[in-house]
Amino acid sequence: MDPNLATPKWNLERPFLTGRFHQDTKLPNATSGTKPYSLESLSRGCENVIGSYPVSVQELLVIDDLLSALVGIEGRYISIRRARGKEGHVVFQIDPSMDLALQELIQRFFPLCEAYALINWFVETKSHFGSGLVNHALAAAMRALLLDYQAMVAQLEHQFRLGRLSVQANVGSATCFIRHHRKGIFRQFVWFGYSQPLAKPGQAKAMAGDTTVRALLEKMTQSASSPYLSILERWVYEGVIDDPYDEFFIAENKSLKKESLTLDYDAKYWQQRYSLKDSIPSFLRSAAGMILTTGKYLNVMRECGHNVQVPPSENSKLTSFESDHHYLKCVKIAYDFASCELLNLIKEKYGLIGKLRSMKRYFLLDQGDFLVHFMDIAMEELVKRPEDTSVEKLQTLLDLALRSTAAAADPCHEELTCCVERVSLLRKLSTLKDLESPIHAGASKPAFDIGDPLEPISITGIETFSLSYKVQWPLSLVISRKALTKYQLIFQFLFHCKHVERQLCVAWQVHQGFRCCNIIGTSILRSSSLCRSMLKFINSLLHYLTFEVLEPNWHLMHDRLQTVKSIDEVIQLHDSFLQKCLKECLLLLPLLVKKVEKLKSICLQYAASIQLLVPSIYTSDVVDSVEFYSFGLGKSKERKTRGRSLAPKAAENPIFLDSIMKFENDFNVELQSLRPILSSGSQTEPYLTHLAQCILGVGGDQ
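Residues numbered from 1 in each chain as written. Predicted model: local features only at pLDDT ≥ 70, side-chain atom pairs only at ≥ 80, totals over all residues. Heavy atoms only, no water.

With respect to the pattern of salt bridges
Move 1: Taken as a whole, this structure holds 27 salt bridges when the rule is applied.
Move 2: Measuring nitrogen to oxygen at the nearest pair gives 3.1 Å for the salt bridge that ties Arg234 to Glu238. Placement of both Arg234 and Glu238 in helix H9 (residues 211-238) is noted, with a separation of 4 residues, approximately one turn of the helix.
Move 3: Residue class for Glu238 comes out partly exposed when judged on its relative accessible area of 24%.
Move 4: Between Lys662 and Asp666 there is a salt bridge, with the nearest N and O atoms lying 3.0 Å from each other. Separated by 4 residues within a single helix, Lys662 and Asp666 lie in helix H23 (residues 654-672), roughly one turn from each other.
Move 5: By relative accessible area, which is 54% here, Lys662 ends up exposed.
Move 6: Residue classification places Asp666 among the partly exposed residues on the basis of a relative accessible area of 26%.
Move 7: Where salt bridges share partners, they join Asp64, Arg76, Glu157 and Arg161 into one cluster. (Salt bridge = Lys/Arg side-chain N within 4 Å of Asp/Glu carboxyl O. Helix = DSSP H or I, 4+ residues; strand = E, 2+ residues; numbered from the N terminus. Buried < 20%, exposed > 50% of the residue type's maximum accessible area, 1.4 Å probe, protein only.)

As structure tokens, then:
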């Protein structure tokens, strides 16, 4: 705030009302014809220079001026001039015609006079309401000490009026204390006022040899810290920032709302709603992070309607910044209380662990019976294009699947909802800029290049279906929009793998219709072998994802959650768990995940071809042996056969044989292309070795 706006205009126009009259003069007013204030107009009308008087008279005259100069007032022979480039600093000058010996004696007092003028300027300036509570308190304490000093000068003036004061004898002895002690104190005032009042209270320790100055600085620190301690106390004991002049070292961004945690992927509420400023007092710098966190925890509990008052104790009052660091002990006690209370509140009242188990059950397919039932009843809707898919219908079917399976016993299942994205998994990964490939860590390029042709020609609800979860405050601190998005990425990957597995199972059931037929040397046998290899691949991949990645990482996080001490540790553990799962599920490795998606695409095309080609080619030849129906829904049926062999003409159908050979070649080429990628990556990412052990070699059956 501009200090000129803190006082009435007339106060600035009439310099005699403040201690700044010797600095500010009013310019002539051409319209009114009034004369400006000037130093000459303050003269008592003397016409002769002081050097024209005898030394004894000079002494009497200069003592009168000196007493005025000691309280910052200009005299007849001692003038005051503003120091250029130094606000508040003034220079005292003496009439050069004065006796040289007398001049030398008088000039010894000028540093004291200049220090007083500067301190008086500081007190007046920092008393404006816009200067802040700390400066107000410091200025008030300085003003009280200046009153004592002014009383001492008044006593000297009284002695002078009685004729008992002289420069040679009485002034020298009477002001000995002022010259040797008050001058040093005032110099410390100058330092204390110009430095931040709470930035360097340790300066008192450096003055340990001068007990007077040390005591003074400690008193000033105590006075200046009183309002600051009140602000700090409310923050660490209640989680409230009561800082009308923006003096506290913690800033509050009221534009950030807690609701953004569930809506915005890049929400910065927890990191930036309350943050540290650059101007942290040096004696609080080591505990600044703890102080910030304590108030944040209390603030969360207060917004939950929970009592957040730190229980008072005998020594919990923050009264001063003593050398024994009692204030730091109080802050530590408050931090321990707030951390424990918030953690217990989120764990016990809001059931954090139960919510995380629920997320694992549904998003990580810990109990997949509901998903099997859902895919059975919702497939007709899921095969539509995303824009044609009815989310309301899918939600109804999801609710039915949840109520019809073991998930009905989960009290959190009602929080589960579904959604249909408009883009595929790979495209979604490419839009999340903060997902960084571990192999290219530190690079500014996102994990997926947006320019790559990632989007399939035609996507359906199968590729874009996902679950969502209703998360309430304060659980949204842990299960934020960003965390939920990461759960959804893993779910979409698993869900599509499950879909591929189901379609391959349908193809396998088609082949099982021929098991009572003699298919040795036929294309059906070759197709059956390829189908078995594809099933082995997708089952191995699912086994790796669930039992090698998700399950162990979950148990590791769950065990560590039992020993955490704060909600920040919970957030860090949960975020690390999700990031590790994303990485080890290949979702942060563009080349690998694209290879896997290509393999899944080949498997789906093969399964679709089997369900279309086999019935159309072989049904007429083996109608008495095999009955096919409902291929699109993944069901087939075998009835009793007569032991007939498959017709040779059908067995060597060239269309079917060419299709099988093409699928076989494409699948094996893509599968074996994973070997060098996994081999090179396993040197820096050991989990790729487990993946290679799970899925490589499945093409060796041919």
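Description of the packing of helix H19 (residues 523-561) against helix H20 (residues 567-584)
Move 1: Contact geometry for H19 and H20: axes closest at 10 Å, N-to-C directions at 170 degrees. By the angle class used here, H19 and H20 are roughly antiparallel. In contact with Tyr544, Glu548, Val549, Leu550, Asn553, Trp554, Met557, Arg560 and Leu561 of H19, H20 contributes Val570, Leu573, His574, Phe577, Lys580, Cys581 and Glu584.
Move 2: For the contact of H19 with H20, the residue count by class is 10 nonpolar, 2 polar and 4 charged. (Axes fitted to C-alpha atoms, helices over the stretch in contact; angles between N-to-C directions. Parallel < 35°, antiparallel > 145°, perpendicular 65-115°, else oblique. Contact = heavy atoms within 4.5 Å. Nonpolar A, V, L, I, M, F, W, Y, C, P; charged D, E, K, R; others polar.)

What to know about the nonpolar core
Move 1: Ile291, Phe363, Phe374, Leu467, Leu587 and Tyr606 are the most contacted members of the largest nonpolar core, which totals 195 residues.
Move 2: In terms of residue count, the dominant contributor to this core is H19 (16 residues). (Core = buried A, V, L, I, M, F, W, Y, C linked by side-chain atoms within 4.5 Å.)

A closer look at the side chain of Lys347
Move 1: Structurally, Lys347 is set in helix H12 (residues 326-349).
Move 2: Among buried charged residues, Lys347 stands out as having no salt bridge; its nearest opposite-charge side chain is Glu348, 6.8 Å away.
Move 3: A distance of 2.9 Å separates the side chain of Lys347 from the backbone oxygen of Leu561, its partner in a polar contact.
Move 4: If near-sequence neighbours (up to four positions away) are discounted, Lys347 is found in contact with Leu352, Leu561, Gln562 and Val564. (Lys, Arg positive; Asp, Glu negative; His and termini not counted. Polar contact = N/O pair within 3.5 Å; in protein donor to acceptor, adjacent residues only side chain to side chain.)

Description of the packing of aromatic side chains
Move 1: Tallying each qualifying case throughout the model produces 18 aromatic pairs.
Move 2: For the ring pair Tyr269 and Trp473, a centre distance of 5.7 Å and an interplane angle of 90 degrees mean the geometry is edge-to-face. Placement of the pair is Tyr269 in helix H10 (residues 269-272) and Trp473 in the loop between strand S6 (465-469) and helix H18 (481-512), with a sequence separation of 204 residues. Judged on exposure class, the residue Tyr269 and its partner Trp473 are both buried.
Move 3: What links up through ring pairs into an aromatic cluster is the set Phe363, Phe374, Phe465, Tyr487, Phe491 and Phe495.
Move 4: Lying over the aromatic face of Trp270, Lys296 brings its terminal NZ or CZ to 4.3 Å of the ring centre.
Move 5: Cation over ring: Lys482 sits above Tyr265, and NZ or CZ is 5.3 Å from the ring centre. (Phe/Tyr/Trp six-rings, centres within 6.5 Å; stacked < 30°, edge-to-face > 60°. Lys NZ or Arg CZ within 6 Å of the ring centre and 35° of its normal.)

Some thoughts on the side chain of Glu670
Move 1: Counting through the fold element by element, Glu670 comes out in helix H23.
Move 2: Beyond its immediate stretch of four places on either side in the chain, Glu670 contacts Lys595, Lys598, Leu599 and Ile602.

Things to note about the state of the cysteines
Move 1: Tallied over the entire structure, the rule returns 0 disulfides.
Move 2: With no disulfide partner, Cys531 has as its closest neighbouring cysteine sulfur the one in Cys505, 8.0 Å distant. (Disulfide = S-S within 2.5 Å.)

As for the confidence of the model for the protein chain
Move 1: When the pLDDT values of the protein chain are averaged, the result is 79; 75% of them are 70 or greater.
Move 2: The spread of mean pLDDT over the elements of the protein chain runs between helix H22 (residues 648-651), the lowest at 44, and H20, the highest at 95.
Move 3: Low pLDDT, under 50, characterises residues 23-45; the predicted model gives this stretch 25 contacts beyond four residues in sequence or across chains.
Move 4: Counting contacts from residues 620-651, a segment whose pLDDT is below 50, to residues more than four positions away or on other chains yields 58 contacts. (pLDDT = per-residue confidence, 0-100.)

A short note on the pairing of strand S5 (residues 416-420)
Move 1: Where burial is concerned, most of S5 is hidden: 5 out of the 5 residues are buried.
Move 2: Examined bridge by bridge, S5 and S6 share 5 bridges and lie antiparallel to one another. Residue pairing in the sheet places Cys418 in a bridge with Leu467 of S6. (Pairing = 2+ DSSP bridges.)

Description of H9
Move 1: In this model, H9 (28 residues) spans 38 Å end to end at C-alpha, consistent with the 40 Å of a helix rising 1.5 Å per residue.
Move 2: Ser226 marks the point of greatest bend in H9, at about 40 degrees, and the proline Pro227 comes within the next four residues.
Move 3: In the segment just after H9, Gly239 is the residue with positive phi, at about 75 degrees. (Expected span 1.5 Å × (residues − 1). Bend = angle between axes of the 7 residues up to and from the residue.)

Let's talk about unusual backbone geometry
Move 1: In this structure, the amide linkage connecting Trp473 to the following residue, Pro474, adopts the cis form with an omega of 10 degrees.
Move 2: Mapped onto the elements of the fold, Pro474 is located in the loop between S6 and H18.
Move 3: In this structure, Asp246 takes a positive phi of about 55 degrees despite not being glycine.
Move 4: Its place among the elements puts Asp246 in the loop between H9 and strand S3 (250-252).

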